[in-house]
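Here are the chains, one letter per residue:
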Amino acid sequence: MCASDLQGPVVGSLQSSDWVAEMPSLVVTGVIAVVVGWVLAQSRLHGAIASLLGAIIGGVVVIGLVLQRVPISDPLLGSGWSGRWAEFSLRMQAWFSAMWSQSISVDPLPFVVLLVALVYVVVFLSCWSVVRWQNAWSALIPGGIILLTNISYLPGQPSFSFKVFLLAAVLLVTRMEFLRAAKRWRQAHTVLPDYIDRKSTRLNSSHGYISYA
């Protein structure tokens, strides 16, 4: 049981909601966040440095995915990535100007950026919480809030995603409690019963957290 199994129903529910036509693949965002979060959490980098690196990578990923879906409304802006970046910049500037002047903006682009960034942060935090902090609740609560909020705004949406999330949550909490107990047993030099797989209780001594076999 890992963070990807837990956040999969959350990302899938958001993706299936199809809030905005310009929305990039949230599944791709989640997969990238899992890989980046897992690698950095397992690395020997200091927590602050690894978090900063994850944030930088996340920013590049979010902007890159959003730009892929941004249509170029004015041919004078150019084509390709440069034209998409110019379109993106102008629309974001117009949104910030509208917000600053307390006027109304119906541009969906800021919502797209916010949602893609939120998916990356939540999935990354989930991996980080499980691997570095050994804390299942930091992985459960943000994703659960997002999933419930998404379902509440879509009346009649099947609750299958929430059921899968609950099952994954129970398995994750059980797994983390077992690994904490295994860590205490290892520190106390307790002899483990034969039916417990010792490979699943290996500890990473360099960071002090439990690694998965």
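Residues numbered from 1 in each chain as written. Predicted model: local features only at pLDDT ≥ 70, side-chain atom pairs only at ≥ 80, totals over all residues. Heavy atoms only, no water.

**Quick word on the packing of helix H3 (residues 47–69) against helix H4 (residues 80–100)**
Point 1. Orientation of H3 relative to H4, taken along the N-to-C sense of each, is 100°, at an axis distance of 9 Å. As judged from the angle between their axes, H3 and H4 are roughly perpendicular. In this structure, H3 uses Ile63, Gly64, Val66, Leu67, Gln68 and Arg69 to contact H4, whose residues at the interface are Trp81, Arg84, Trp85 and Phe88. (Axes fitted to C-alpha atoms, helices over the stretch in contact; angles between N-to-C directions. Helix = DSSP H or I, 4+ residues; strand = E, 2+ residues; numbered from the N terminus. Parallel < 35°, antiparallel > 145°, perpendicular 65-115°, else oblique. Contact = heavy atoms within 4.5 Å.)

**So, the confidence of the model for the protein chain**
Point 1. Per-chain confidence: the protein chain averages 81 in pLDDT, with 83% of residues scoring 70 or above.
Point 2. Taken as a whole, residues 198–213 scores under 50 in pLDDT and shows 51 contacts with residues more than four places along the chain or in a different chain. (pLDDT = per-residue confidence, 0-100.)

**A short note on helix H6 (residues 136–152)**
Point 1. With 17 residues, H6 should cover 24 Å at 1.5 Å per step; its first-to-last C-alpha distance of 24 Å lies within 8% of that length.
Point 2. Every buried residue of H6 is accounted for by Ala136, Ala139, Leu140, Gly143, Gly144, Ile146, Leu147, Asn150 and Ile151.
Point 3. Sitting at the amino-terminal end of H6 is Asn135, which places a side-chain oxygen 2.9 Å from the backbone nitrogen of Trp137. (Expected span 1.5 Å × (residues − 1). Buried < 20%, exposed > 50% of the residue type's maximum accessible area, 1.4 Å probe, protein only. Polar contact = N/O pair within 3.5 Å; in protein donor to acceptor, adjacent residues only side chain to side chain.)

**Things to note about the side chain of Arg132**
Point 1. Counting through the fold element by element, Arg132 comes out in helix H5 (residues 109–133).
Point 2. The class of Arg132 is buried, set by a relative accessible area of 16%.
Point 3. Of note is the side chain of Arg132, whose polar atom sits 2.9 Å from the backbone oxygen of Ser43.

**Observations concerning the nonpolar core**
Point 1. The biggest cluster of nonpolar side chains holds 42 residues, and the ones touching the most others in it are Leu6, Leu26 and Val66.
Point 2. Where this core is concerned, the elements lending two or more residues are helix H1 (3–17), helix H2 (26–42), H3, H4, H5, H6 and helix H7 (160–187).
Point 3. Looking at this core element by element, the count peaks at 13 residues for H5. (Core = buried A, V, L, I, M, F, W, Y, C linked by side-chain atoms within 4.5 Å.)

**Observations regarding the pattern of salt bridges**
Point 1. For the coordinates displayed, the defined rule picks out two salt bridges.
Point 2. The shortest N-O distance in the salt bridge between Glu22 and Arg91 comes to 3.3 Å. One end of the pair, Glu22, is in the loop between H1 and H2; the other, Arg91, is in helix H4, and 69 residues separate them in sequence.
Point 3. Residue class for Glu22 comes out buried when judged on its relative accessible area of 16%.
Point 4. Arg91 gets classed as buried once you look at its relative accessible area, which sits at 12%.
Point 5. Three or more residues joined by partner-sharing salt bridges are found here, namely Glu22, Arg91 and Asp107. (Salt bridge = Lys/Arg side-chain N within 4 Å of Asp/Glu carboxyl O.)

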